[in-house]
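Summary of the model geometry
Now for the letters of each chain:
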Amino acid sequence: MQPLKIFNVIPKLPEGLEDLWQLAYNFRFSWCGYTDNVFKQIDQQLWSTTSHNPLLFLHLVDPKRLETVAKDPFFQSQLKLTIETLNEYFEERPSPVIKDASPENPAVAYFSFEFGIASCMPIYSGGLGILAGDHLKSASDLNIPLVGIGLLYKHGYYRQYLTPDGWQQESYPDLDFDQIPILPVEDENGKHRRISIPLGNQQLQAQIWKAQVGRITLLLMDTEIAENPPELRAITASLYGGGKEMRLWQEILLGIGGMKVLEVCGYNPQVIHMNEGHSAFAGVERIRSFMQKGLSFESASEIVASSSVFTTHTPVPAGNDRFSPALMEQYFSEYARDLGLAFKVFLSFGRENPFDDQEEFCMTVLALKLSRFNNGVSKLHKHVSRRMWKALWPLYPHDDIPISALTNGIHAPTWTAGDMGEVFDRYLGTNWREDPDCKTLWSRAANISDAELWRTHERLRARLVDFSRKRLREQLQAHGARKQEIQNADEILNPQALTIGFARRFATYKRANLIMREKEKLLRLFRDVDRPIQFVFAGKAHPADNEGKKYIKEVVSTCRSLDYRFHMVFLEDYDIEIAKHMLAGCDVWLNTPRRPYEACGTSGMKAIFNGVLTFSTLDGWWDEAYLPDNSIGWAIGKGEEYTDPDYQDYVELRTLFNVLEFEIIPEFYDRGRGGLPRQWIRRMKKALTTLGPEFNSHRMVMDYVHKAYKPAYDNYINLSRYDFQPARELADWRNDIMTKWSGIDLRNAQIEILDETYVGQSIKISVDVKLNGIACESLSAEAYFGQVQQNGEFASRHIRKLKPVGTPDTEGWQHFEGVVTPSRPGRFGYTIRIIPTNPLLIDPRSLGLIRWAVPQETSS
């Protein structure tokens, strides 16, 4: 039997409490302590039970309790202060860089497959989503004119539970959209606004929801609509669910559907940011929309690529989505015709080798080709990405491949525990929340009282122990454990012991079980009653990753065994709440990835803001953050990369135990008369002063603004003037260059050096270039100059432009010359290259055209 009509019933708040709705419908509650305290004061236990979901909280709270607090003068004053703080936060301020834009008129659209903003909206699986959530929060705090685009998953990411033998199982509970703080986007008639896009021979409909993240609007699409057939309703059923075709559907919806959403909601951003390759179809849809305005494919491609930003997060080729040509043809043959392209040409945009008809279509390749601003997420990951995608720029040396580094950061107000935040308020000033990338501000951390910092940290550790006991008790009860086992949960862990945390996705390269491979050594450390240590583990494996599940089973089995169970615990269903307790309460954050497979890793950054020290292999962010004197944390190894993983495990496991046993444990228990580990506290403070201003998302977002968003925005403005005439001119210029480039030639490459050349001495370099009908100003002749290694390869390089001298001769040869100056002694080398150049071309490497002088062409 079906109801005739379905409708929502909402609670009626007592007079004076109506402003609670304003607080509930803005995700700023997830990082604003004032808002958090308001709901805690009403009913602290319910606030915890509802996973800090203010909407669900207001639906469940006892009306009598609301009547009581409505009459409480103190509560009313706190509510008033919180609303005033929120209104002040929303006061109109100009964008710090892009003057004509605002959060209501955003210049940037940020696409992501997942967003981790708060526990009550579980549409994230791990680091990628948490990073996206932190990106929006910092953009809000900084008043960056940005709008988010994503998918609203009916089941979110899976909930983890374990079988009695420790094997991971997944459940997919329904997410009730009426019980989370989002609102339907309505049209002028009050109806839920929708989009419709073709999907093969069907039409896919999606309705649009809005989540308000501070000043930033996040638009989410949902396909659970009666008009869609069951298989299409399932597109937004779960994150990373289904097979290849389902993933393609989801990415079509995110990219193509996301651009439609922006259009129907009245947004016209000048820049798009593709957070990972999932959303790369947004670039193609932008091209199509510009073509509908009368531009050619080439002109539209120039303006799209020049105003697009792409961030890659994946350090291994297998982690990039690829689709077979047959599957792509099923959904994009007609789309390619709309673009005026042969289908084979369309596929070439997603192939490393455009001439290989068997190569699959790669979303990362598509994104790299449709963006002039490509970046990895750490300095090390930049080099990994350049090696991975070198085939796209085969003639360019490693250092010149156009993938830069923009290291991730975390949203400090979200991830700093409340107790530690109060310490920062007293010693750093309350501005640390608004200005966390200020070095002067974080330098004040050195002035924090040793005793106050340590006692705060000890409180947080004790709180983690209590939380772990409670969660373990709940886990055992859910598993039907014996009464004695449940009672033993109250005895696990020691609030005074050195506590080491490991929490992340259980991918095999992260080696969660590494320390378990020397159980006798581990057991010997556990038996030291004078210097006890303990471990807290948490994490999920991908549902299809059976090897990762085996790692979980091994860790869980060890934690449950008689010798270990009071010293180790695995917390099921890792999420934001568990992460916050662990990041605040551990003493050491352990990370053991195989270098260089960790693109960045941000959990250790979150730990830093809580005074927790990092102990990690030199991979991801820690490779650039670590100081060799161990003054802010410890390293496992010296950044070696191995070809034999078993040997790597052997070497690094011994290093791990040596550092743990002979450095970390003794220092933690080296206490003075006041019971304080002074050297340990010095490390905590130095980590805060050194890493605090660098590894936060305010710094990250401002890096994106200055290095990508603003230049991309300026490119769009420049190319779109006069009805896109500059874009048309650039496309025509590009076509001309591509046609004539094969006729470019070099001869008489010369360097004037004496038998002895000194540091600081000017050296003349010259070359003749055959222009082949290309204007001289469209070419850049450059000396490529620097120190060389024993194998003859450049160890470092400097680039100096050579100037044209005179005019071309009758055969079209133009003479270029210039000067280079060695700045240090050593073995130096040089070569000469020619690349195209145009004032409208943001990055000449995007054309893939380059001509190097060859040895026969050089002389001295």
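Conventions we followed
Residues numbered from 1 in each chain as written. Predicted model: local features only at pLDDT ≥ 70, side-chain atom pairs only at ≥ 80, totals over all residues. Heavy atoms only, no water. Helix = DSSP H or I, 4+ residues; strand = E, 2+ residues; numbered from the N terminus. Rg over C-alpha atoms; globule rule 2.2 N^0.38 Å. Buried < 20%, exposed > 50% of the residue type's maximum accessible area, 1.4 Å probe, protein only. Contact = heavy atoms within 4.5 Å. Salt bridge = Lys/Arg side-chain N within 4 Å of Asp/Glu carboxyl O. Axes fitted to C-alpha atoms, helices over the stretch in contact; angles between N-to-C directions. Parallel < 35°, antiparallel > 145°, perpendicular 65-115°, else oblique. Left-handed = near helix turned anticlockwise from the far one by under 90°. Nonpolar A, V, L, I, M, F, W, Y, C, P; charged D, E, K, R; others polar. Phe/Tyr/Trp six-rings, centres within 6.5 Å; stacked < 30°, edge-to-face > 60°. Lys NZ or Arg CZ within 6 Å of the ring centre and 35° of its normal. Polar contact = N/O pair within 3.5 Å; in protein donor to acceptor, adjacent residues only side chain to side chain. Pairing = 2+ DSSP bridges.

**Focus: the overall build of the protein**
Looking only at helices and strands, the protein features 28 helices and 28 strands. Whereas a compact globule of 860 residues would reach a radius of gyration of roughly 29 Å, the protein reaches 29 Å, a difference of no more than 12%. Referenced to the eigenvectors of the C-alpha coordinate spread, the extents of the protein come out at roughly 95 × 70 × 50 Å. Counting over 860 residues, the protein shows a buried share of 56%. Look at the contacts in the protein between residues 6 or more apart in sequence, and 72% of them connect residues 24 or more apart.

**As for the pattern of salt bridges**
As a working rule, side chains carrying opposite charge can pair if their charged atoms are close by. Scanning all chains against the criterion turns up 50 salt bridges. The shortest N-O distance in the salt bridge between Arg372 and Glu302 comes to 3.5 Å. In this pair, Arg372 is assigned in the loop between helix H14 (363–369) and strand E13 (373–376) and Glu302 in helix H11 (residues 297–306), connecting sequence segments 70 residues apart. Its relative accessible area of 2% is what places Glu302 among the buried residues. Salt bridges here are not isolated pairs; linked through shared partners, they connect Arg511, Arg517, Arg594, Asp649 and Glu652.

**Structural notes on the environment of Asp36**
Mapped onto the secondary structure, Asp36 falls in helix H2 (residues 33–42). Residue classification places Asp36 among the buried residues on the basis of a relative accessible area of 15%. Sequence separation of Asp36 and Phe7 is 29 residues, and the distance between their C-alpha atoms is 30 Å.

**Some remarks on the packing of helix H17 (residues 418–428) against helix H19 (residues 450–478)**
At a closest axis distance of 9 Å, the pairing of H17 and H19 adopts a crossing angle of 165 degrees. Relative to H19, H17 is oriented roughly antiparallel. At the point where H17 passes H19, the crossing takes the right-handed sense. In contact with Asp419, Met420, Val423, Arg426 and Tyr427 of H17, H19 contributes Glu452, Leu453, Thr456, Arg459, Leu460 and Arg463. Of the residues assigned to the contact of H17 with H19, the class counts are 5 nonpolar, 1 polar and 5 charged.

**As for the packing of aromatic side chains**
Tallied over the entire structure, the rule returns 48 aromatic pairs. With centroids separated by 6.5 Å and ring planes inclined at 20 degrees, the aromatic side chains of Tyr647 and Tyr650 adopt a geometry described as stacked. One end of the pair is Tyr647 and the other is Tyr650, both in helix H26 (residues 645–668) and 3 residues apart, which spans about a single turn. Its relative accessible area of 46% is what places Tyr650 among the partly exposed residues. Among the aromatic residues, ring-to-ring pairing joins Phe502, Phe506, Phe526, Phe535, Phe537, Tyr564 and Phe570 into one connected group. One cation-aromatic arrangement involves Arg504 over Phe502; the distance from NZ or CZ to the ring centre is 4.7 Å. Positioned above the aromatic ring of Tyr158, the side-chain terminus of Lys540 is 4.9 Å from the ring centre.

**As for the side chain of Ser631**
With respect to the element layout, Ser631 can be found in the loop between helix H25 (621–625) and strand E20 (633–636). By relative accessible area, which is 13% here, Ser631 ends up buried. Looking at Ser631, its side chain comes within polar contact range of the side chain of Asp629, at 2.7 Å. At 3.2 Å, the side chain of Ser631 and the side chain of Lys686 are in polar contact. Every residue in contact with Ser631, bar those within four places of it in the chain, is listed here: Arg683 and Lys686.

**What about the pairing of strand E22 (residues 763–770)?**
Across the 8 residues of E22, 6 count as buried, placing the element largely inside the fold. In terms of strand pairing, strand E21 (residues 745–752) meets E22 through 6 bridges, oriented antiparallel. The partner of Ile751 across the bridge, within E22, is Ile765. Pairing of E22 with strand E25 (residues 813–820) involves 8 bridges; the strand directions are antiparallel. Considered in E25, the bridge of Ile763 is made with Val820.

**Details of unusual backbone geometry**
Looking along the chain, the bond that leaves Arg595 and enters Pro596 is cis, with omega of 5 degrees. Here Pro596 lies in the loop between strand E18 (588–591) and helix H24 (603–608). In this structure, Asn630 takes a positive phi of about 60 degrees despite not being glycine. Mapped onto the fold, Asn630 is located in the loop between H25 and E20. For Asn630, a relative accessible area of 16% gives the class buried. Not every positive phi belongs to a glycine, and Phe724 is a case in point at roughly 65 degrees. Along the chain, Phe724 turns up in helix H28 (residues 697–740).

**Overview of the pairing of strand E10 (residues 308–311)**
Where burial is concerned, the two faces of E10 agree: the one with Ser308 and Phe310 and the one with Val309 and Thr311 are both buried. Bridging between E10 and E13 involves 3 bridges; their strand directions are parallel. Residue Thr311 lies in a different strand from E13, and its bridge partner there is Asn375.

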